[in-house]
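# Topology and contacts: notes
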Amino acid sequence: MARHPPPSFPTRHLHRATRLVHAGVLRSQFGETSEGLFLTGGYVFETAEQAEARMKGEEPGFIYSRYSNPTVAMFEQRMAELEGAEAARATASGMAAFTSVLLGRLRAGDHIVAAKALFGTCRKIIEELLPNFNITSTLVDGSDLEQWEAAAGPKTKMFFLESPTNPTLEIVDIAAVAAIAKQVGATLVVDNVFATPLLQSPLKMGADCVIYSASKHIDGQGRCLAGVILASEKFIEDVHPFLRQTGPSISPFNAWVMLKGMETLELRVERQVANAARIADTLAGHPAVARVIYPFRDDHPQASLARRQMKAGGTMVTFEVAGGKSAAFKVANALKIIRISNNLGDTKSLITHPSTTLFQRFDEEQRLSMGISQGMLRFSAGIEAADDLIEDLWQALGK
Ligand SMILES: *Cc1c(COP(=O)(O)O)cnc(C)c1O
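Since this is a predicted model, take the numbers as computed values, not measurements.

Moving on, we get to unusual backbone geometry. Put simply, Ser 163 and Pro 164 share a cis peptide bond, and its omega is -5 degrees. As for its placement among the helices and strands, Pro 164 is situated in the loop between strand 4 (156-162) and helix 7 (174-184). A cis geometry characterises the amide bond from Asn 166 onward to Pro 167, with omega recorded as 0 degrees. Secondary-structure assignment places Pro 167 in the loop between strand 4 and helix 7. Of note in the backbone geometry, Leu 169 takes a positive phi value of approximately 55 degrees without being a glycine. Within the secondary structure layout, Leu 169 lies in the loop between strand 4 and helix 7. Judged by relative accessible area, which is 2%, Leu 169 ranks as buried. Of note, the phi angle at Thr 196 is positive, near 70 degrees, even though the residue is not glycine. Take Thr 196: it is sitting in helix 8 (residues 196-199).

Looking now at the environment of Asp 281. Mapped onto the elements, Asp 281 comes out in helix 11 (residues 265-284). Given the relative accessible area of 46%, Asp 281 is considered partly exposed.

This next bit is on the pattern of salt bridges. Summed over all chains, the structure comprises 21 salt bridges. Residue Lys 124 pairs with Glu 128 through a salt bridge whose shortest N-O separation is 3.3 Å. With a gap of four residues between them, Lys 124 and Glu 128 both fall in helix 5 (residues 120-129), about one helical turn apart. Given the relative accessible area of 16%, Lys 124 is considered buried. We note a salt bridge from Asp 238 to Lys 234, for which the minimum N-O separation is 3.1 Å. A residue pair is termed a helical-turn pair when its members lie 3 or 4 positions apart in one helix, as Asp 238 and Lys 234 do in helix 9 (residues 233-246) at four residues.

The domains assigned to the chain are domain 1 (16-263) and domain 2 (265-397). Once you take the C-alpha centre of each, domain 1 and domain 2 turn out to be 27 Å apart. Residue-level contacts link 43 residues of domain 1 with 39 residues of domain 2. Salt-bridge contacts for Glu 266 lead to Arg 16; the nearest nitrogen and oxygen are separated by 2.8 Å. Contributions of two or more residues to the side of domain 1 that touches domain 2 are made by helix 1 (16-22), helix 5, helix 8 and helix 10 (252-263). Top contributing element to the side of domain 1 that touches domain 2 by residue count: helix 5, with five residues. Looking at the side of domain 1 that touches domain 2 residue by residue, the classes come out as 18 nonpolar, 15 polar and ten charged.

Calculation rules
- Residues numbered from 1 in each chain as written.
- Predicted model: local features only at pLDDT ≥ 70, side-chain atom pairs only at ≥ 80, totals over all residues.
- Heavy atoms only, no water.
- Helix = DSSP H or I, 4+ residues; strand = E, 2+ residues; numbered from the N terminus.
- Buried < 20%, exposed > 50% of the residue type's maximum accessible area, 1.4 Å probe, protein only.
- Salt bridge = Lys/Arg side-chain N within 4 Å of Asp/Glu carboxyl O.
- Domains from an automatic or database assignment.
- Contact = heavy atoms within 4.5 Å.
- Nonpolar A, V, L, I, M, F, W, Y, C, P; charged D, E, K, R; others polar.

Here is the structure:
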């Protein structure tokens, strides 16, 4: 039984650019062009019988905004249609999406296998929070398929990975890991933030669930946080009681901002990818740059795998300057247009020094095991003119 009324008109068969604008619209009696922002916690029922039927799930409709809300439902439906997933649930942040999938699906005694190179907080949750619930984990080198196979045992219920990884832009072979997961009876969950829904479709490669921090490219304008869980109806139904009962619900306002963000997602990501690819090539020719990492460059060790599973090289470029932390700080501080921030996927170009920010909580040995050096900078391409960005990088690298 659907939780709420169907969208105004079917859009799944339409082109992606059209779906990004029209999918999921629940138009109210007022005929608004811009999706309604329903800032309401509760809903009124026509009769006591209707309230009973809604609670029993015998009649679709809204009950209470911790469970569902029209603006949130529009965002979820548009995300499901973008990803090609049967169902979606939105959450207050990317971390809420990740934690809900873990705690909604795993039980005490279960085991999870995850790649070492993860968004820092995801790794902390696996290593530090899950043991409180007697859920054990093994971290593997994501690109070494034998390690995934060797780490899985009878208690393994879930595989988790991110590709490209943050910040070293390593590529994990999603189809191959999905095949191993299937073989050992585990579900594969993929954090697809860096690739975006436009450049990589893990569900089509055999993953069971995709999660996003929509705070990144999907909003794309640095305004608010959101998370999304995308999977089959069955998978989502399994996570639903956890979401409904514990309440990591997204604010309708944030969901509305995300709907607006989705309308320009394709245009923004196209420009960001073009800027990132050009900046990667330009940086590779600068004498102060020791190494450039970009998935579609021929010198990326996994370029052919990247080209097989991604439609483009992405919006992120990681590079290393000779001279370690002080040289990297000097470059970051000298930038004028490109600002220092931990965020990514924004219309504004941003730069981060991963080892002192995102990965500060790890020790140097752990950082090096993840390939993160002191001279490394992570660049998130915005939608500015590439020539201005290149000039900014060039003047900063010259200092
Ligand atoms: C930002 C991010 C998250 C966490 O998302 P929030 O919305 O900040 O909670 C998870 N994974 C990746 C790869 C991210 O970049």
